[in-house]
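Geometric and topological summary
Below are the chains, spelled out letter by letter.
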Amino acid sequence: MRLAARGLGWSAGAPIVEDVSLTIEPGETFGLVGPNGSGKSTLLRMMAGLIPRTRGTVHLGGRPLSRLSRREVAQRIAFVEQIADTSEALSVRDVVELGRTPWLSALAPFSPSDGMIVDEALQAVGMAGLASRRWATLSGGERQRVQIARALAQRPRVLILDEPTNHLDIHHQLSLLRLVSRLPVTVVLALHDLNQAMGCDRLGVMQEGRMVACGRPVEVLTPERLAAIFRVGATPLCDPVDQTTIFRYHCLEEGA
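Owing to the predicted nature of the structure, the values given are computational and were not obtained by experimental measurement. (Residues numbered from 1 in each chain as written. Predicted model: local features only at pLDDT ≥ 70, side-chain atom pairs only at ≥ 80, totals over all residues. Heavy atoms only, no water.)

Let us now look at the pairing of strand β3 (residues 29–33). Burial runs high along β3: 5 of the 5 residues are buried. Every second residue of β3 is oriented toward a common face, with T29, G31 and V33 on one face and F30 and L32 on the other, all of them buried. Across 4 bridges, the pairing between β3 and strand β8 (residues 186–190) is parallel. When the bridges of β8 are listed, T29 appears paired with V187. As defined by bridge partners, β3 adjoins strand β9 (residues 202–207) across 4 bridges and the pair is classed as parallel. Following the sheet pairing, F30 is matched in β9 by R202. (Buried < 20%, exposed > 50% of the residue type's maximum accessible area, 1.4 Å probe, protein only. Helix = DSSP H or I, 4+ residues; strand = E, 2+ residues; numbered from the N terminus. Pairing = 2+ DSSP bridges.)

Here's what the structure looks like:
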């Protein structure tokens with residue numbers, strides 16, 4: 001499903017996001033990168049319909065997001081926050097079952113087919129064996145995987161993830177990114193690791209609330225741009241295993 005933004009802006013005393021326009025095509029994996037405080041999380045939350053926009057519009061599948069009910073939005077968009085919390089009394093399975101809420105009603109209560117969807121989501125993130133564990137007993141990485149399973153159980157057309165690899169060890173980071181890349185949905189995710197971001201179809205680069213570049217990773221993550229925005233020197237290298245481009249970094253001196 002296509003997700004598009006036109007002239008998006010949001011202010012909180014001062015501008016946080018300014019005049020961002022982009023179109024994310026159906027089935028595309030779109031990455032968002034930028035320094036801390038560049039507006040990535042705010043932009044994602046506006047595109048998910050979670051915070052009101054000061055300016056601009058968001059369209060989902062050609063329809064203005066503002067004309068969809070909260071239930072309709074939740075049936076189409078799943079959002080995974082950087083740090084999510086929930087009731088300590090809930091089990092892992094309870095949390096993932098919450099992902100089915102947008103599809104349930106008095107006439108369509110939780111059914112065996114919903115249970116199968118929850119099972120598949122738990123299996124996909126490697127948490128099936130911990131389904132009965134209480135939320136309070138989980139590590140940060142385990143909680144993140146449960147929240148991603150909840151989003152998968154939602155069966156969205158668009159999956160938005162705000163730095164989903166935070167708190168995960170390297171194995172689960174790579175496993176998650178591989179899983180996301182194979183999903184038959186439109187994916188938008190913010191990432192800090194620029195080498196991981198190279199695996200996206202396209203990238204948007206944020207700086208001080210504006211999108212300063214958008215395109216294929218090799219086109220937008222140039223050494224010159226990395227130096228200007230991230231204040232790092234970057235040497236492109238070719239991975240001998242799969243021939244992809246990766247970067248070796250060093251910190252630039254202030255004023256360099």
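So that's the structure; there's more coming.
What follows covers the pairing of strand β6 (residues 77–80). Here β6 shows a buried face lined by I77 and F79 and a second buried face lined by A78 and V80. Sheet analysis places β6 next to strand β7 (residues 158–162), joined by 4 bridges and oriented parallel. Within β7, the residue paired with A78 across the bridge is L159.

Here T23 lies in strand β2 (residues 14–24). A polar atom in the side chain of T23 sits 2.8 Å from the side chain of R6. Sequence-distant contacts of T23, defined by excluding residues within four places in its chain, comprise R2, L3, A4, R6, E28 and R202. (Polar contact = N/O pair within 3.5 Å; in protein donor to acceptor, adjacent residues only side chain to side chain. Contact = heavy atoms within 4.5 Å.)

If you walk across this open sheet you meet the 4 strands as β2-β1-β4-β5, and the pairing is antiparallel. One side of each edge strand has no neighbouring strand; the edge strands of this open sheet are β2 and β5 (63–64). Against the sheet, helix α1 (residues 40–47) engages β1 (3–12), β2 and β4 (55–60), with an angle of about 125° to β1. (Axes fitted to C-alpha atoms, helices over the stretch in contact; angles between N-to-C directions.)

On to unusual backbone geometry, then. Here the phi dihedral of H167 falls at roughly 75°; this positive angle occurs in a residue that is not glycine. Note on placement: H167 falls in the loop between β7 and α6 (170–182). Positioned with a positive phi, E208 is a non-glycine residue whose angle comes to about 50°.

A few words on the side chain of S91. When you line up the elements, S91 lands in the loop between β6 and α3 (92–97). Among residues more than four places away in sequence, those in contact with S91 are A131, S132, R133 and R134.

Let's shift gears to the environment of I246. Relative to the assigned elements, I246 resides in strand β12 (residues 245–251). Accessibility expressed as a relative area gives 28% for I246, which makes it partly exposed. C-alpha of I246 to C-alpha of T235: the two residues are 11 residues apart in sequence and 8.3 Å apart in space. For I246, the residues in contact, after removing those within four places along its chain, are N195, T235, P236 and L237.

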